[in-house]
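Spelled out, the chains give:
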Amino acid sequence: AAQMRTGKERPLVVTVDKAGKVYVGLEDTPVELKDLAPMLKALAENNLEKRVYVRADEAVNYGAVVTVLALLQSSGFTNAGLPVDPNSAKRILQEK
């Protein structure tokens, strides 16, 4: 029987550091961009609807983040995006 997918399922996390290096999960070893999609597909067990969050240091070039997102989308991942901290907007609004 197929397992029910829940909203609590942990997303895959891709991190882009300020040097533009890409990491998957908590790994310390950077991943080559050409290897990123195959690695994520294996981790997601080919579930291309699995959520994938792309995190980045504030100093990261915007183009590096967009490249990772475009790579994920072109590889078939339908739920790739940026994690958003709803508290960050509240903090900014409270500073006024």
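Up top is the structure.
Heads up: these notes are all about the structure in this document. As the structure is a computational prediction, the values presented were derived from the model and not from experiment.

Turning our attention to the environment of G76. Structurally, the position occupied by G76 is in the loop between α2 (62–74) and β4 (79–81). Classification of G76 as partly exposed rests on a relative accessible area of 25%. Sequence-wise, G76 and T29 are 47 residues apart; in three dimensions their C-alpha atoms are separated by 24 Å.

Turning next to the packing of helix α1 (residues 33–43) against α2. Their axes nearest at 10 Å, the elements α1 and α2 cross at an angle of 45°. As the angle between them shows, α1 and α2 are arranged oblique. Pair α1 / α2 crosses with right-handed handedness. Contact residues: L33, L36 and L40 in α1; T67, V68, L71 and L72 in α2. Along the lines of polarity and charge, the residues of the contact of α1 with α2 split into six nonpolar, one polar and no charged.

Right, let's talk about the side chain of S75 for a bit. Along the polypeptide, S75 turns up in the loop between α2 and β4. On the basis of relative accessible area, S75 is assigned to the buried category, the value being 16%. Contacts of S75, omitting those with residues within four sequence positions, involve A37, K41 and L48.

Let's shift gears to the sheet that holds strand β2 (residues 22–24). Strand order in the open sheet formed by four strands is β2-β1-β3-β4, with mixed pairing between adjacent strands. The open sheet terminates on both sides in strands that have one partner only, identified here as β2 and β4. Averaged over all neighbouring strand pairs, the angle between strand axes comes to 20°, with direction disregarded. When strand β1 (residues 12–16) meets β2, the two strands line up antiparallel, connected through three bridges. The residue of β2 that forms the bridge with V16 is V22. Sheet strands touched by α1: β1, β2 and β3 (51–56). Its angle to β2, the strand with the most contacts, is close to 15°. Docked against the sheet, α2 engages β1, β2, β3 and β4, running at close to 165° with respect to β3.

Parameters at a glance
- Residues numbered from 1 in each chain as written.
- Predicted model: local features only at pLDDT ≥ 70, side-chain atom pairs only at ≥ 80, totals over all residues.
- Heavy atoms only, no water.
- Helix = DSSP H or I, 4+ residues; strand = E, 2+ residues; numbered from the N terminus.
- Buried < 20%, exposed > 50% of the residue type's maximum accessible area, 1.4 Å probe, protein only.
- Axes fitted to C-alpha atoms, helices over the stretch in contact; angles between N-to-C directions.
- Parallel < 35°, antiparallel > 145°, perpendicular 65-115°, else oblique.
- Left-handed = near helix turned anticlockwise from the far one by under 90°.
- Contact = heavy atoms within 4.5 Å.
- Nonpolar A, V, L, I, M, F, W, Y, C, P; charged D, E, K, R; others polar.
- Pairing = 2+ DSSP bridges.

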